[in-house]
Structure formats: structure tokens, C-alpha cells
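Okay, here's what each chain looks like letter by letter:
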Amino acid sequence: METVILRGINKYFGEKKNRIHVLSDINFKALKGELCLVLGPSGSGKSTFLTIAGGIQTPSSGEVLIGNIKLNNLKEKQKEQLRLEKIGFVLQNYSLVPYLRVEEQFELAKRVKKEGNLNTSDFAAIIKQLGIGDLLKQYPRELSGGQRQRVAIARALYSNPTIIFADEPTAALDSQRVVEVGRLFRDLAHKHDKSIIIVTHDLRLKEFADRTYEIMDGNLRQG
């Protein structure tokens, strides 16, 4: 079953002489139960691709579907509700609330989405797999970049989304943690029937992917 579809996506930034064609006629689909990897260097259009696919940005042309819902037809509040119910994001800036302890990040997520989150045992298993059980009482400023990244991954998974978009989720991680995170994402896709879409330059994740795409200068092709 197709969970994310992009058809003929173009994205421009700027006007007239300063106009830049960031994404060029992008076609893409992700299936339930698979991990898709979109590989590309810095400046290739990866993050723009991800935020358009997740409904955060609007394309200049083309259409985005989440399931059978066309995002082009939705108002902003409807997009926000769709993201809340179906989508989890792991972004490069971590998006952790600086004045909340790690455990309070999840309490906040529960207040935002009151139902449908992971049950206690499943969430405890993710906390263990990511190795953040001893970080729950700490503030984000007390954590390393890799620790903040793992907390951000756990928070995105806590809401039990159908679709997970991750932007460079292993950028701050050593090779051992990359393997653990790669296995976690693969298991979520295969065993829990989720769609995982990761944009990255980290080739270490290729072994965990069901399908790999390459993006370069705004052009996407299947690897």
C-alpha cells in the first residue's frame, strides 16, 4: 500500500534573476512496511524534499498525497491535524524544548496527542534500544549531539506514527549507534508496518534500506 506519493514536484525559491530551481519534477512513492533511503550531499535538495513530502512546505507545482489524501486540497489546520495523527518527524535541529527534561519531552507530546501513542512496554523497549534510559532526568543542554539525536528519535516514535520522516538521523552518531538506529528503523518498518523515509548523506544506512533513491541538484532517481 502506498503511503506517500509525490507527483511532478517542483520547488523554486527566490524571484526573477535570483530564482533557484531546488526540486525538479520529482516523482516518488513510499510503501507501508518499507524503509526508503534518499541519499544526497549537502545542498542537493534533501531537506526540501522531506519537508514537502511531510506537508511542512508547499511545492511550487505538483501534488503530494498521504494515503489517498491530497495535501494540495487541505487547509493549513487540516495539514496540521494530519501530521499530528499520521506523521513523525526527526529533524536536524532536534526540536527539543530546552527547559524540559527528557522525560518531560514525552509528557508534552502526550498532552499534544492524547490517544494512540505507544503503550508503556513498547516505549520502554525503544528507550532501551536507543540507550537513553539514564538520560531521562537531564535537560537537552546537558546532552551531547548524539544523545539529543537519540532523544529526538524516541520522541518522534512516541506518538506511534504511520509514517516517519527523518532528516540526517545518524549525523551525530558513531558507527555502533548508526547500526542500532538503522536496525530500529528497519524493524519499525518491517515488524510494525510503518513507512520510514530517511534523507541522508550517511552511506552506512544503505544496508538497512528496502529501496534507495539518490538526489543530486534537485533531481531524484532510484538507486
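On a predicted model such as this, the values are computed, not experimentally measured, just so you know. (Residues numbered from 1 in each chain as written. Predicted model: local features only at pLDDT ≥ 70, side-chain atom pairs only at ≥ 80, totals over all residues. Heavy atoms only, no water.)

## Let's talk about the packing of helix H4 (residues 120–130) against helix H5 (residues 145–158)
Contact geometry for H4 and H5: axes closest at 10 Å, N-to-C directions at 160 degrees. Taken together, H4 and H5 sit at an angle that is classed as roughly antiparallel. In this structure, the crossing between H4 and H5 has a hand that is right-handed. Residues Phe123, Ile126, Ile127 and Leu130 of H4 pack against Arg150, Ile153, Ala154, Leu157 and Tyr158 of H5. (Axes fitted to C-alpha atoms, helices over the stretch in contact; angles between N-to-C directions. Helix = DSSP H or I, 4+ residues; strand = E, 2+ residues; numbered from the N terminus. Parallel < 35°, antiparallel > 145°, perpendicular 65-115°, else oblique. Left-handed = near helix turned anticlockwise from the far one by under 90°. Contact = heavy atoms within 4.5 Å.)

## Some thoughts on H5
With 14 residues, H5 ought to run about 20 Å at 1.5 Å a step, and its terminal C-alpha atoms sit 20 Å apart, in line with that. Where burial is concerned, most of H5 is hidden: 11 out of the 14 residues are buried. Among the residues of H5, Gly146, Gln149, Arg150, Val151, Ala152, Ile153, Ala154, Arg155, Ala156, Leu157 and Tyr158 are the ones counted as buried. Contacts made by the buried residues of H5 are with strand E6 (87–90), helix H3 (102–112), H4, strand E7 (163–167) and helix H6 (175–192). Downstream of H5 by one or two residues, asparagine 160 has phi in the positive range, about 55 degrees. (Expected span 1.5 Å × (residues − 1). Buried < 20%, exposed > 50% of the residue type's maximum accessible area, 1.4 Å probe, protein only.)

## Remarks on the pattern of salt bridges
The full count for this structure, using the stated rule, is 11 salt bridges. Residue arginine 7 pairs with glutamate 63 through a salt bridge whose shortest N-O separation is 2.7 Å. Of this pair, arginine 7 sits in strand E1 (residues 2–13) while glutamate 63 sits in strand E4 (residues 61–66); the two residues are 56 residues apart in sequence, bridging distant segments of the chain. Owing to a relative accessible area of 40%, arginine 7 belongs among the partly exposed residues under this scheme. Lysine 137 is paired through a salt bridge with glutamate 103; the nearest N and O atoms lie 3.0 Å apart. One end of the pair, lysine 137, is in the loop between H4 and H5; the other, glutamate 103, is in helix H3, with 34 residues separating them in the sequence. Via salt bridges that share partners, Arg7, Glu63 and Lys70 belong to a single interconnected network. (Salt bridge = Lys/Arg side-chain N within 4 Å of Asp/Glu carboxyl O.)

## Regarding the side chain of lysine 46
As for its position among the elements, lysine 46 is in helix H1 (residues 46–53). The residues touching lysine 46, leaving out its near neighbours within four places in the chain, are Val38, Leu39, Gly40, Pro41, Glu168, Val199, Thr200, His201 and Ile215.

## Some thoughts on the sheet that holds E7
Overall, mixed pairing links the six strands, which are arranged E6-E7-E8-E3-E9-E10 in an open sheet. What marks the edges here is a single partner per strand, and that holds for E6 and strand E10 (219–222). Going from strand to strand, the sheet's axes swing by 20 degrees on average, the running direction of each strand aside. Summarising the sheet, E7 and strand E8 (residues 195–200) pair through five bridges and their orientation is parallel. Across the sheet, residue phenylalanine 165 finds its bridge partner in E8, namely isoleucine 197. Along the sheet, helix H2 (residues 76–86) makes contact with E6 and E7, crossing E6 at roughly 85 degrees. Along the sheet face, H5 touches E6 and E7 and points at about 175 degrees away from the line of E6. (Pairing = 2+ DSSP bridges.)

## Considerations on the nonpolar core
Formed by 38 residues in total, the largest nonpolar core has its most connected members in Phe106, Leu130, Ile132, Ile153, Phe185, Ile196 and Ile198. Mapped onto this core, the elements with two or more residues apiece are strand E3 (35–39), H3, H4, H5, E7, H6 and E8. The biggest single contributor to this core is H5, with seven residues. Grouped together as the second largest cluster of nonpolar side chains are 27 residues, Val4, Ala30, Ile66 and Tyr213 included. (Core = buried A, V, L, I, M, F, W, Y, C linked by side-chain atoms within 4.5 Å.)

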